[in-house]
Amino acid sequence: MHRALLISEVLSEIFAHVNEDPGPKKPSLEALARTCKAFHEPAMDLLWADLDGMTPLLGCVPRLHRLIYPSGAKPLTWDWSEGVEPLSEHETHRFLDHAARVRSLRISCSEDLHLFAVLPIETCIFPRLLSLAFIVRRLQQKYLCLFLSPTLRHCVLSVINSELKSLATRCAALEHLSLNVPEWERQSADDRTFLSDGVRMCKRLVTLSCPPLDWAAWKYLSGLPSLLRVSVREPRSASRWSLDRDIVNFAPFLNVTTLSFNVNTASYAITVMQHSEFPSLKEFEMVADVLPCAEAEQLCRALSQCKAKQTLEHISIASHVPKVEEPPCNSLAAVTHLLCFTHLRTVRLNLHYCIHIDNHLLLQVMSNWPHIRSLELVDSQMLPEITFRGLFTALRLCPHLHTLRILMDAVNIDIDPAAETFQHTTLQKLDLIQSDVADAEAVARIIFSVLPCINQILTRRDHWDDRLVFQKEWDEVNRRLDYLKSSAVVGGDSAGIVAKS
């Protein structure tokens, strides 16, 4: 054997490539582990490095091996450990021998956690663990302390409780924390306190995803230099989460580049934005169940004042369909607040009763966002007033645009495709969602003439709106567009085909 293969670092690098191979990894690593003593340790480290569940490790205990791998074809059931006695001291040592190799662990079934009931609370089962996903029922969350390694960097939890403090103190290296609380999980005032207190004890957070925080936690995060990404998701079953009325302005979130909210209403996100500055912000996203016109305007105004005019590149704001029609409001205000962000690459505004999109507004948007690559401007409750002439005038200002999703008036055709000399050769995806169409042939020839990279017009109606006539018309547009492109390939002259028509 070559002397280089006696160096553990060299072997680990070679075996890592075996582990990355798309073929079956386990048989290859098992074979390497049995080859010789020099290969055994690095191969075993990789074999046990990434685990989905505790069952494979528990199978190393002889008493449990017979239950997990019974003779015959009887499959293992999720409740195989029901009624089984916890691990003895000797069995625990055998289990821990292999557990020290685990670097990434996902636990989504809590039925076998009682096997560790006799272990002292300070025990760390996985001393080299880097990533943990602990998705268990609330009653089983008490076992979390056994999995808290001082090396832990990534952690995903499904329950909020007092153990969050233990997480922060025992996992000082923690960088990525995600609290994915189920939609049906009711949150108490104590849970909110545990969450905010736990977050304020994390000193090296880079990314945080969690339910809404209180003002003290936000104030702490605003001064945390390591923080780059924050995502707030409000459980739909939760009672109203609000910030305290004596809230004060936070320190600037100097390095946060991504901020997102998924909430019932926008009031919480608006309050955070009104009291914060994000001078490095590149991406902002908000999804709300209900977003009235007035709140949409407040949100966009607050976003425009958060000191991110030179950095923000991606904006996504969406709401679900409102239950009742709103009274009229200034439907231009929300969008005009966003015109100050001149470096935008992606914008998605999918709202209801909030933005009146016409040729003038589209021209304003395109002239202020010259670097835009993907644009969605949709308000399905407003009548479409963008025409082909308005669309093509605006497209002249955005040479890099490749994806466009709008609601437009495709019935009243206000251009002559044979006389139109402009072509936008970058746009590759055009989604006209709920737009109506009357003259399929004329629309197809317009698209063919001006937008040569569009092969098909996408349309998506709400699933409860079954208008077959609408769909047939757009199917006809796409059929004719396909014919024109096929003819152009054969004839080699697209301009001539349009002119002859």
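Counting starts from 1 at the beginning of each chain's written sequence and moves along it residue by residue. In keeping with the model being predicted, local features are shown solely for residues with a pLDDT of at least 70 and side-chain atom pairs are shown and tallied solely at 80 or more, while totals for entire chains, interfaces and linings include all residues. Computation of side-chain values: all heavy atoms of the structure, hydrogens and water removed.

(A) Local environment of the pattern of salt bridges. Should a side-chain nitrogen of Lys or Arg be within 4 Å of a carboxyl oxygen of Asp or Glu, the pair is scored as a salt bridge. In the structure shown here, the tally under the stated rule is 13 salt bridges. Within the structure, one salt-bridge network assembled from shared partners comprises Glu-441, Arg-445, Glu-476, Arg-479 and Arg-480.

(B) Local environment of the packing of aromatic side chains. Stacked, tilted and edge-to-face pairs are distinguished by plane angle, under 30 degrees for stacked and over 60 for edge-to-face with tilted covering the rest, among Phe, Tyr and Trp rings (Trp via its six-membered ring) whose centres lie within 6.5 Å. What the rule picks out here adds up to eleven aromatic pairs. Measuring from ring centre to ring centre gives 6.4 Å for Phe-250 and Phe-253, while their planes differ by 90 degrees; the resulting arrangement is edge-to-face. Exposure class is identical for Phe-250 and Phe-253. Each is buried. Their ring planes at 55 degrees and their centres at 6.4 Å tell us that Phe-261 and Phe-284 sit as a pair that is tilted. Of this pair, Phe-261 sits in strand E8 (residues 258–265) while Phe-284 sits in strand E9 (residues 283–290), and the two are 23 residues apart along the sequence. Partly exposed describes any residue whose relative accessible area lies between the buried limit of under 20% and the exposed limit of over 50%, with all areas from a 1.4 Å probe on protein chains only and scaled to the type maximum. Phe-284 gets classed as buried once you look at its relative accessible area, which sits at 2%. Members of the aromatic cluster, connected to one another through ring pairs, are Trp-218, Phe-250, Phe-253, Phe-261, Tyr-268, Phe-278 and Phe-284. Secondary structure is summarised from DSSP: a helix means a run of H or I of at least four residues, a strand means a run of E of at least two, and numbering begins at the N terminus for each.

(C) The arrangement of the pairing of strand E2 (residues 104–107) in detail. Side chains Leu-105 and Ile-107 of E2 all project onto a buried face; the interleaved residues Ser-104 and Arg-106 project onto a face where none is buried. Strand direction decides the pairing type here: strand E1 (residues 50–52) and E2, joined by three bridges, are parallel. Along E2, the bridge assignment pairs Asp-52 with Arg-106. By this definition, two strands are paired if DSSP reports at least two bridges between them. Strand direction decides the pairing type here: E2 and strand E3 (residues 131–134), joined by four bridges, are parallel. Looking at the pairing, Ile-107 lines up with Phe-134 of E3.

(D) Inspection of the packing of helix H10 (residues 267–274) against helix H11 (residues 293–304) at higher detail. For helices, the axis comes from a line fit to the C-alpha atoms of the stretch in contact; other axes are also lines fit to C-alpha atoms, and the angle between any two N-to-C directions lies between 0 and 180 degrees. Running from N to C, H10 and H11 point in directions that differ by 25 degrees, and their axes come no closer than 9 Å. In terms of axis orientation, H10 runs roughly parallel to H11. Note on packing geometry: the crossing formed by H10 with H11 is left-handed. Seen from H10, the contacting residues are Ser-267, Ile-270, Met-273 and Gln-274; seen from H11, they are Glu-295, Gln-298, Leu-299, Ala-302 and Leu-303. Three residue categories are used. Nonpolar comprises Ala, Val, Leu, Ile, Met, Phe, Trp, Tyr, Cys and Pro, charged comprises Asp, Glu, Lys and Arg, and polar comprises the others, including Gly. Looking at the contact of H10 with H11 residue by residue, the class counts come to five nonpolar, three polar and one charged. If an angle is under 35 degrees, it is roughly parallel; if it is over 145, roughly antiparallel; if it lies from 65 to 115, roughly perpendicular; otherwise it is oblique. In this scheme, a crossing is called left-handed if the near helix is turned counterclockwise away from the far one by less than a right angle; it is called right-handed if the turn is clockwise. Any pair of residues with heavy atoms lying within 4.5 Å of one another is described as a contacting pair.

(E) Just unusual backbone geometry, in detail. Despite not being glycine, Lys-307 has its phi angle at roughly 65 degrees, a positive value. Checked against the element boundaries, Lys-307 lands in the loop between H11 and strand E10 (314–319).

(F) Just the packing of helix H7 (residues 163–170) against helix H8 (residues 189–199), in detail. In the contact formed by H7 and H8, the axes pass within 8 Å of each other and the chain directions differ by 5 degrees. If you check the angle between H7 and H8, you find them roughly parallel. Packed against H7, whose contacting residues are Leu-164, Lys-165 and Ala-168, the element H8 presents Phe-194, Leu-195, Asp-197 and Gly-198 at the interface. Its residues assigned to classes, the contact of H7 with H8 comprises four nonpolar, one polar and two charged.

(G) Broad picture of the side chain of Thr-123. The topology assignment puts Thr-123 in the loop between E2 and E3. A polar contact is formed between the side chain of Thr-123 and the backbone oxygen of Pro-120, at a distance of 2.9 Å. Setting aside residues up to four positions removed in sequence, Thr-123 forms contacts with Cys-145, Leu-146 and Arg-170. Polar contact is the term for a pair of N or O atoms within 3.5 Å; when the atoms are in protein, one must be able to donate a hydrogen and the other to accept it, and sequence-neighboring residues count only if both atoms are side-chain atoms.

(H) Local environment of the nonpolar core. In terms of nonpolar packing, the biggest core is built from 150 residues, with Phe-95, Phe-126, Phe-147, Trp-218, Phe-261, Phe-284 and Leu-375 touching the most fellow members. Among the elements that make up this core, the one with the highest residue count is helix H15 (residues 440–450) (seven residues). Only buried residues count toward a nonpolar core. Its members are Ala, Val, Leu, Ile, Met, Phe, Trp, Tyr and Cys residues joined through side-chain atoms within 4.5 Å.

(I) Here's a closer look at the pairing of E8. Most of E8 is tucked away, with seven of its eight residues classed as buried. Of the strand pairs in this sheet, strand E7 (residues 229–233) and E8 are connected by five bridges, and their pairing is parallel. Among the inter-strand pairings, Arg-233 is bridged to a residue of E8, identified as Asn-262. Sheet analysis places E8 next to E9, joined by seven bridges and oriented parallel. Residue Asn-262 lies in a different strand from E9, and its bridge partner there is Val-287. Handedness of a crossover: with both strands directed away from the viewer, a clockwise path from the first strand across the helix to the second marks it as right-handed. You can see the chain leave E8, run along H10 and come back into E9, and the turn it takes is right-handed.

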